[in-house]
Amino acid sequence: MGIELPRHIGFIMDGNGRWATSRGLSRSEGHKAGADAFRRICEYGCDIGIKSMTFYAFSTENWKRPAQEVSAIMNIFRDYLHEAQERKEENAQKGMHMHYMGEREGMPEDILDLFDTAENESVNQTKTTVNIAVNYGGRAEILHSVKRLAHSVAAGELDPDSITEDMITSGLYTAGQPEPDIIVRPSGEQRLSNFMIWQAAYSEFWYTDKLWPDFTTEDFDKVIEDYSKRHRRFGGV
Ligand code: IPE
Ligand code: IPE
Ligand code: MG
């Protein structure tokens, strides 16, 4: 392609509900269509050689939704993870490493087990890391990292004045990965909704009115093309 690829892209997979409603379908059908878009975009990102991708699938705030919708979403995770188990060889060939990114507390055990299996089995596949943000909130993630440091302070192992930004970064779920170069949000909303709020300090943003289930590989190409034209300054000149 000859242009600089983003090393890490974040996708806020929003608009499933509106996509379904506009077709007279249930919101659950919208989430299914959103999962198909996820498969398509994830596969394409691996094929073109993106190093890290993070897909925001379910936030710590999404538990507020009706129980029926939440359980439909959890079932979609189960289906996807069972399918990933069947397509293990294919994913290995793609060099895809799957990583659960979020709070474990509150999640059904069987889903965590499926994620753990997928994660452990793909640990040596280092071409593309795919973070799936489930029960994820940026504030909860920072809190988690800060508590870890607080424990070290309380144990007398760490001087509070020697705490650095890097120490907080290394306690996040994305430890060791580059920060997102660009964050994509479909559905016309222009907000982060608690997505990677620490890591996004200098991320570029890319918005579209399209709803997530309609997001195509051509849209992905456009993100990359637009990214290559952005001038990032990181506070410099
Ligand atoms: C995103 O789609 C999926 C989740 C948040 C789980 P939405 O369900 O938020 O879709 P809209 O925003 O209602 O259209
Ligand atoms: C953000 O979408 C979370 C996910 C896409 C998983 P929401 O639909 O929950 O965000 P708000 O409520 O519009 O900010
Ligand atoms: Mg939404």
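Preceding block: the structure.
As the structure is a computational prediction, the values presented were derived from the model and not from experiment.

As a structural note, the neighbourhood of ligand 2 is formed by Ile-12, Met-13, Asp-14, Tyr-56, Ala-57, Phe-58, Asn-62, Arg-65, Arg-185, Arg-191 and Ser-193. Arg-65 places a polar side-chain atom, nitrogen or oxygen, 3.3 Å from an oxygen atom of ligand 2. At a separation of 2.6 Å, an oxygen atom of ligand 2 approaches a polar side-chain atom of Ser-193. Look at ligand 2: alone it shows 390 Å² of surface, and the protein chains cover 77% of it. For the shell around ligand 2, the leading source of residues is strand 2 (residues 52–59), giving three residues. Looking at the shell around ligand 2, its residues break down into five nonpolar, two polar and four charged.

What follows deals with the nonpolar core. Burial of nonpolar side chains together is a common tendency in soluble globular proteins. Ranked by internal contacts, the top residues of the largest apolar core, which has 41 residues, are Phe-11, Phe-55 and Phe-220. At seven residues, helix 3 (residues 67–86) tops the list of elements feeding residues into this core. Once you skip the residues sitting within four places of it in the chain, Phe-55 turns out to touch Phe-11, Met-13, Phe-38, Ile-41, Cys-42, Val-130, Asn-131, Ile-132, Ala-133 and Trp-212. Grouped together as the second largest cluster of nonpolar side chains are 10 residues, Ile-12, Met-101, Phe-195 and Met-196 included.

Take the sheet that holds strand 5 (residues 182–185) next. In space, the six strands of this open sheet follow the order 3-4-2-1-5-6, with parallel pairing throughout. Each having just a single partner strand, strand 3 (96–101) and strand 6 (204–207) make up the two edges of the open sheet. Sheet twist, expressed as the average angle between the axes of neighbouring strands with direction ignored, equals 20°. Direction of pairing for strand 5 relative to strand 6: parallel, over a ladder of four bridges. Its bridge partner lying in strand 6, Arg-185 is registered against Tyr-207. Contacting strand 1 (8–12), strand 2, strand 3 and strand 4 (128–136), helix 2 (residues 27–48) crosses the sheet at an angle of about 165° to strand 2.

Parameters and conventions
- Residues numbered from 1 in each chain as written.
- Chains lettered and ligands numbered in written order.
- Predicted model: local features only at pLDDT ≥ 70, side-chain atom pairs only at ≥ 80, totals over all residues.
- Heavy atoms only, no water.
- Near = heavy atom within 4 Å.
- Polar contact = N/O pair within 3.5 Å; in protein donor to acceptor, adjacent residues only side chain to side chain.
- Areas by Shrake-Rupley, 256 points an atom, 1.4 Å probe, with all protein chains shown as cover.
- Helix = DSSP H or I, 4+ residues; strand = E, 2+ residues; numbered from the N terminus.
- Nonpolar A, V, L, I, M, F, W, Y, C, P; charged D, E, K, R; others polar.
- Core = buried A, V, L, I, M, F, W, Y, C linked by side-chain atoms within 4.5 Å.
- Buried < 20%, exposed > 50% of the residue type's maximum accessible area, 1.4 Å probe, protein only.
- Contact = heavy atoms within 4.5 Å.
- Pairing = 2+ DSSP bridges.
- Axes fitted to C-alpha atoms, helices over the stretch in contact; angles between N-to-C directions.

Purely geometric stuff here, so don't read any function into it on its own.
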